[in-house]
Amino acid sequence: MPHTPTTRRAPDRGRSLLGPALELVHTGRAPTRSALTAALGVTRATAGAVAGELAALGLVTVDQHPIGSSRGRPSHRLDLAPDGPVVLAAQLHADGLTVALAGLGGSLGEPVRHPLPARTDPASVIGAIAEAGAELIRADHRRCLGAALALPNPVREPEGTAPAALTFGWPGDTPAAALFAAAMAAQDLGPRARRPLPTAVANDANLAALAEHRHGAGRDARHLLLVTSGHRGVGGALVVDGRLHTGSAGLALEVGHLTVDPLGRPCPCGNRGCLNVETDPAALLAAAGRPSDPTGQLLDQARELTRTADRDPAARAAVHQVVDRLALGLAGLANILNPDRIVLAGLHRDLLAAAPDRLPEAVIRHSLWGRCDQVPIAASALAHGGLVGAAELAWGPYLADPQGVAG
Ligand SMILES: [Zn+2]
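Below: a short report on this structure. As the structure is a prediction and not an experimental result, all values here were calculated from the model.

**Thoughts on the overall build of the protein**
Check the secondary structure of the protein and you find 13 helices and twelve strands. Scaling as 2.2 N^0.38, a compact globule of 407 residues should have a C-alpha radius of gyration of about 22 Å, and the protein matches this with 22 Å. For the protein, the spread of C-alpha atoms along the principal axes amounts to about 65 × 50 × 40 Å. Burial status across the protein gives 50% buried among its 407 residues. Within the protein, contacts between residues at least 6 apart in sequence are counted, and of these 63% link residues at least 24 apart. One way to put it: in the protein the 37 positive side-chain charges average out to a point 6 Å from where the 37 negative ones average out.

**Considerations on the coordination of the zinc ion**
Angles at a metal have ideal values that depend on geometry: 109.5 degrees with four tetrahedral donors, 90 or 180 degrees with six octahedral donors. The coordination sphere of the zinc ion, as far as protein atoms go, consists of His257 (ND1), Cys267 (SG), Cys269 (SG) and Cys274 (SG), spread over 2.0 to 2.4 Å. All donors of the zinc ion come from a single chain, and their spacing in sequence reads H-x9-C-x1-C-x4-C. Taking the relative accessible area as the measure of exposure, Cys267 reaches 7% and is therefore buried.

**So, helix H5 (residues 176–185)**
Every buried residue of H5 is listed here: Ala176, Phe180, Ala183 and Met184. For H5, the angular spread of the buried residues around the axis is 95 degrees, confining them to a single face.

**Here's the deal with the sheet that holds strand E9 (residues 235–240)**
Spatial ordering of the open sheet is given by E10-E9-E8-E11-E12, a layout of five strands whose pairing is mixed. A strand with exactly one partner marks an edge of an open sheet, and here the two such strands are strand E10 (243–244) and strand E12 (377–379). Two strands pair when backbone bridges link them, and E9 and E10 are joined in this way by two bridges, in the antiparallel orientation. If you follow Val239 over to E10, its bridge partner there is Leu244. The sheet strands contacting helix H11 (residues 347–354) are strand E8 (223–229), strand E11 (341–346) and E12, and the helix crosses E11 at an angle near 110 degrees.

**Observations regarding the packing of helix H4 (residues 122–139) against H5**
Two elements in contact, H4 and H5, have axes whose closest approach is 9 Å; the angle formed by their N-to-C orientations is 45 degrees. One way to sum up the angle between H4 and H5 is to call them oblique. Both H4 and H5 take part in a crossing whose hand is right-handed. For the pair formed by H4 and H5, the contact residues are Pro122, Ala123, Ile126, Gly127, Ile129, Ala130 and Ile137 on the first element and Ala176, Leu179, Phe180, Ala183 and Met184 on the second. Residues that form the contact of H4 with H5 fall into these classes: eleven nonpolar, one polar and no charged.

**Description of the pairing of strand E4 (residues 96–102)**
Burial analysis of E4 places seven of its seven residues in the buried class, the great majority of the element. Side-chain alternation along E4 places Gly96, Thr98, Ala100 and Ala102 on one buried face and Leu97, Val99 and Leu101 on a second face that is also buried. Note: strand E3 (residues 86–93) against E4, seven bridges, orientation antiparallel. Pairing of Ala90 across the sheet is with Val99, part of E4. Between E3 and E4, which follow one another and run antiparallel, lie two residues.

Conventions and cut-offs
- Residues numbered from 1 in each chain as written.
- Predicted model: local features only at pLDDT ≥ 70, side-chain atom pairs only at ≥ 80, totals over all residues.
- Heavy atoms only, no water.
- Helix = DSSP H or I, 4+ residues; strand = E, 2+ residues; numbered from the N terminus.
- Rg over C-alpha atoms; globule rule 2.2 N^0.38 Å.
- Buried < 20%, exposed > 50% of the residue type's maximum accessible area, 1.4 Å probe, protein only.
- Contact = heavy atoms within 4.5 Å.
- Lys, Arg positive; Asp, Glu negative; His and termini not counted.
- Charge placed at Lys NZ, Arg CZ, Asp CG, Glu CD.
- Donors = N, O, S within 2.8 Å, 3.2 Å for Na, K, Ca; no water.
- Arc of directions from axis to C-beta.
- Pairing = 2+ DSSP bridges.
- Axes fitted to C-alpha atoms, helices over the stretch in contact; angles between N-to-C directions.
- Parallel < 35°, antiparallel > 145°, perpendicular 65-115°, else oblique.
- Left-handed = near helix turned anticlockwise from the far one by under 90°.
- Nonpolar A, V, L, I, M, F, W, Y, C, P; charged D, E, K, R; others polar.

Shown next, in the form of structure tokens:
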């Protein structure tokens, strides 16, 4: 989308272009200076000055040798600076925690996984995440500019509280954002991290949707619905015109508590047969008559089961049962939200792979409008969407104002 021209003085205007320009390079939409010129809707000289300023901030590199292009004159390549700053991305799962450092461009370093600490109260768990993250930050040679945490529960905005942290039995309105900020502030982050380190916390499905929209299977979708099941429960999120739809208090799209079987399994929310308990790894393992070891890796066990569905009748029947319930939920969501793409992540991605025809057909069958055949259902493209999304959250202030990286 061309940048809206303004009547501000040139230096102000240049500054206001820095954020949009960095976002274009960050999302792969401006691999060259001429692509940047066209996307911003400015003159070549202005685009060159903006690219130069991003390079001076140490965020991008501008190749001095023009490269040929299929149309028009040669242009200069734009890349994200390989040794540019990083942020800490962290994710809490029902059965462990993961941390990674992330540069711009959706690039993620090797995620490091840790078991949960012995005590699972909020301060102990969030303290363990901060400690694991600080270890990565200290060991890296790049500047760390921020940290963000993906949580497997709703997060109320703007307070950053977890109103119903069902997974760990945390008390209502746990101050997750304040705990994370305090835990990071208490760490030794080495000489290169920004002090105090800006921190943020958000729901993992929301962050995965943002990540898929910017860097994965949701690119260019206008109304992207993401539904996912990690180790426990089901989450969802909606990205509208590039922004997360989070509702009035950050709690929108709690799709996990949509009823798909009124006589079904009890849900921690107090109802029965929620998508949350009918289409997650424990539900699939139970449908196949497999014991689910609560201390084991439920997601890995359930994924393995979907891969045996073509040769094991019990696994196939279980996959079909769970796929049909998922389809019921997706059809209801499509009726209400009218997305132009549905991305399935976590276990739901594996269910789509195991039933590539049955799932979309059942969504069409259950859709009120009978038009859901027009909604493509795609598998998520990112292996660690929650972490990539956490990085997006941490980069947010710098994408809005790249000059914030200085100092
Ligand atoms: Zn529920």
